[in-house]
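Chains, contacts and geometry: an overview
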Amino acid sequence: MSFLSNFSPLAEAPRDLWLVYILKLLASFAYFSSSLTLTLYLTDELKLGDVAAGLHYGGYGVASTVYGVAGGAAIDRLGVRASLLLGAFLATLARAGLGLTHSRAVALTLLYTVLPAADALGVPVLTIAVRRYTNGRSRTLGFALFYTVMNIGALTAGGGVDAARAAFAGGLELPGGWGRLSALRGVLLLGAAATASSAVLVMVGVRDVEMDEGGLLRAYVPGRGRAGESATAVAAAVIDGADEADGGGGVAGAPVPGQSTLERCRTVVRDVRLWRLAVLMLLLVGVRSVFRHLDATLPKYMVRVFGPTAPFGAVYAINPAIIILLVPLVGAASRPIASFPMILGGSALAAVSPFWLTIFGDHYSAVVAFLVTLSVGEAIYSPRSYEYAMTLSPVGEEGIYSSLASAPLFLTKLLTGGMSGALLSVFCAEKPPPARRPRLMWAIIGGVAVTSPVAMAAMRQFLDVGAAAEGGRDDAATYEMVTVDAMASEENGGVEGGEGERGIGTEPGAMAGVAPLVSAPKGGAVVGEGGGSSSSSFPPPAEATKA
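Keep in mind that what you see is a predicted model, and the values were worked out from it rather than measured.

Thresholds, definitions, all that
- The written sequence of each chain sets the order in which its residues are numbered from 1.
- Only residues with pLDDT of 70 or above have their local features reported here, since the model is predicted, and side-chain atom pairs are shown and tallied only from 80 upward, although totals for entire chains, interfaces and linings are computed over all residues.
- Working from all heavy atoms in the structure, the side-chain values ignore hydrogens and water.
- What counts as a helix is a DSSP run of H or I of at least four residues, what counts as a strand is a run of E of at least two, and both are numbered from the N terminus.
- Whether a residue is buried, partly exposed or exposed follows from its accessible area with a 1.4 Å probe, protein chains only, as a fraction of its type maximum: under 20%, in between, or over 50%, in that order.
- We call two residues contacting when some pair of their heavy atoms lies within 4.5 Å.
- A carboxyl oxygen of Asp or Glu within 4 Å of a side-chain nitrogen of Lys or Arg is what we treat as a salt bridge.
- Polar contacts here mean pairs of N or O atoms no more than 3.5 Å apart (in protein, one a potential hydrogen donor and the other a potential acceptor; neighbouring residues in sequence count only if both atoms are side-chain atoms).
- Here a patch means residues that are over 30% exposed by relative accessible area and free of salt bridges, tied together within 9 Å if like-charged and within 5 Å if nonpolar (Val, Leu, Ile, Met, Phe, Trp, Tyr).
- Surface exposure here means Shrake-Rupley accessible area, sampled with a 1.4 Å probe, where a residue is shielded only by the protein chains that are shown.
- Between the N-to-C directions of two axes lies an angle of 0 to 180 degrees, each axis being a line fitted to C-alpha atoms and, for a helix, fitted only over the stretch in contact.
- Throughout this description, any angle smaller than 35 degrees is read as roughly parallel, any larger than 145 degrees as roughly antiparallel, any in the 65 to 115 degree range as roughly perpendicular, and the remainder as oblique.
- For a crossing to be left-handed, the near helix must be turned anticlockwise from the far one by less than a right angle; the clockwise case is right-handed.
- Residues are grouped as follows: Ala, Val, Leu, Ile, Met, Phe, Trp, Tyr, Cys and Pro are nonpolar; Asp, Glu, Lys and Arg are charged; all remaining types, including Gly, are polar.
- By convention, a stacked pair of Phe, Tyr or Trp rings (six-membered ring in the case of Trp) has centres within 6.5 Å and planes under 30 degrees apart, an edge-to-face pair has planes over 60 apart, and any other such pair is tilted.
- Put simply, buried Ala, Val, Leu, Ile, Met, Phe, Trp, Tyr and Cys residues joined by side-chain atoms within 4.5 Å make one nonpolar core.
- The score called pLDDT rates the predictor's confidence residue by residue, from a low of 0 to a high of 100.

A separate point is the overall build of the protein. Within the protein, the secondary structure is distributed over 23 helices and five strands. By residue count, 58% of the 547 residues in the protein fall in the buried class. When contacts within the protein are restricted to residue pairs at least 6 apart in sequence, those whose partners lie at least 24 apart make up 80%.

Okay, structure coming up:
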């Protein structure tokens, strides 16, 4: 088998997957450009000090997580298409407002309300879409490419920020007497234009569909699951074990009819899969804080140590450039390896990266070594954390599971925001005492980061679900998607559900209300609730290609 043949499973993906990658590119440019300049915007445009700017950076992260947890159930009920449309509208409104307003109150209101609400409807929904548009054969590569596209947006953002700072160093006079637009505000408005464009693409081409393990598409009805599976049938399959008779083709974790959001949350918190996700996300806070320091700390550090023209955007772009090159290669080469060992090894490498700046001090070579080491570690572990989370989330419940499980991640921005402002003010102040001490600052950042791999190694027995639970790990021609639920039920002598390849679409009609499947791997017609072609139910997707 040639190396390039590892990428062949993506050939059966629907066109919607490639459109999602374009949306991810636009969203990533908007997010990373604003994140990279946020603390500078708060200091230079809103005249806030280091500590206040850091706290607001952290507060924005907390708000994003709160909205994400609160909106998880809403995402499941709205579906991918409606959630992405709403998120794009809110993101456009927030970034345009931040770019144009000169009121601190208005800017902070947008930062704590509209922008985090948009974030909650961005990355989680696009991640769910990748799961829906891939199967066990293609999911690892699908998430690897998803992560690569995100970094193409980050690469563009890094270069764009430096270009804007150089081109509009003196500001840009707006026509009609609207005032002067700084380079930082111009970056925010470019992000608003990107998210506005994504709204158009969603309206043109994104559908609520799902690809099964055989490469077949069928409609996915938000709040109900796969098309053709009536709510009554789904409930019977889950409660009475009806899927045992048809070979495990039931829908694990599908919403039970009549359940309120609170009841669904109570059901979810009793699931061990949620706690695996939550514990892993909590333990990753330390190493993920290093990535947040690229936004919150690195720009100010470089401007203060190397001068006001320091190209922090170009240095930042080292990270996405390496990710773009490495992630597809690592994803293809590591398919037989389960996610947890990859997460553990990659996070350990990323965690030690700040110590380059502690050892070698304030030199561009040390900054580059820091970014390179961090990026290699990220290429190994971060795409697998997406896959780990989506693999353990039951079909139809991805939003609520991923949102509740990611709740500990609010600590990342909160920790980083508070640390960044305090560390900068003490060790790398704009108007320093007799001498700056940035080496100690980076040593503290690295010390916090290494707690992640140490703690994950200590809890490996609980966190490592193994390759069998993930699907797509085998190099052979046949792949079987086995969920944790299926593994547990088989240990007890029965099958209680799961979204395995066995039984999905192989016996149409085995369950009351299940529609037969129609082969449509290239984005063609999908099966509607009545079993007939429902291509007219969805607008035809726009032609989408790889970015």
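A few words now on the pattern of salt bridges. When their charged atoms lie close together, side chains carrying opposite charge are able to pair. By the definition in use, this model includes seven salt bridges. Across the pair Asp162 and Arg165 runs a salt bridge, and its minimum N-O distance is 3.0 Å. Linking Asp162 with Arg165, this pair stays in helix 6 (residues 139-167), spanning three residues, or about one helical turn. Each of the two residues, Asp162 as well as Arg165, counts as buried. Salt bridges linked by common partners bring Asp50, Lys300 and Arg304 together as one network.

Note that Ser353 resides in the loop between helix 15 (339-351) and helix 16 (355-360). Exposure remark for Ser353: the relative accessible area of 0% places this residue in the buried category. At 2.7 Å, the side chain of Ser353 forms a polar contact with the backbone oxygen of Ala350. With near-sequence residues (within four places) excluded, Ser353 lies in contact with Val290, Phe370, Thr373 and Leu374.

Attention now moves to a nonpolar patch on the surface. A surface patch of nonpolar side chains, about 370 Å² in accessible area, is lined by Leu78, Leu86, Phe89 and Leu93. Tracing the backbone through its elements, the reader meets Phe89 in helix 2 (residues 50-100).

To continue, consider helix 5 (residues 123-132). Counted residue by residue, helix 5 has eight buried out of 10 residues, so it is predominantly covered. Within helix 5 the residues assigned to the buried category are Val125, Leu126, Thr127, Ile128, Ala129, Val130, Arg131 and Arg132.

Our focus in this paragraph is the packing of helix 1 (residues 15-44) against helix 5. It is the contact of helix 1 with helix 5, at a shortest axis distance of 10 Å, that shows an interaxial angle of 160 degrees. Relative to helix 5, the element helix 1 is oriented roughly antiparallel. Note on packing geometry: the crossing formed by helix 1 with helix 5 is left-handed. Contacts between helix 1 and helix 5 pair Leu17, Val20, Leu23 and Lys24 from the former with Val123, Leu126, Ala129 and Val130 from the latter. For the contact of helix 1 with helix 5, the class distribution of residues is seven nonpolar, no polar and one charged.

Here the focus is the environment of Lys413. The topology assignment puts Lys413 in helix 19 (residues 410-427). A relative accessible area of 10% places Lys413 in the buried class. Residues Lys413 and Leu55, 358 residues apart in the sequence, show an inter-C-alpha distance of 9.2 Å.

Now for the packing of aromatic side chains. One pass over the structure, following the stated rule, counts 10 aromatic pairs. Both rings, one in Tyr301 and one in Phe306, keep their centres 6.1 Å apart while their planes meet at 85 degrees; by these two values the pair is edge-to-face. Using a relative accessible area of 0% as the deciding quantity, one classes Tyr301 as buried. For Phe306, a relative accessible area of 23% gives the class partly exposed.

Let's shift gears to the nonpolar core. Membership of the largest hydrophobic core comes to 120 residues, with the highest contact counts inside it found for Leu42, Leu280, Leu298, Tyr301, Met441 and Met456. Looking at this core element by element, the count peaks at 16 residues for helix 1. The residues contacting Leu280, other than those within four sequence positions of it, are Phe340, Ile343, Tyr388, Met456 and Leu463.

To continue, consider the confidence of the model for the protein. Confidence along the protein averages 74 in pLDDT terms, with 70% of residues attaining 70 or more. No element of the protein has a lower mean pLDDT than helix 8 (residues 231-240), at 29, and none a higher one than helix 16, at 96. Here residues 227-254 is modelled with pLDDT under 50, and outside its nearest four sequence neighbours on either side it reaches 70 contacts, counting other chains as well.

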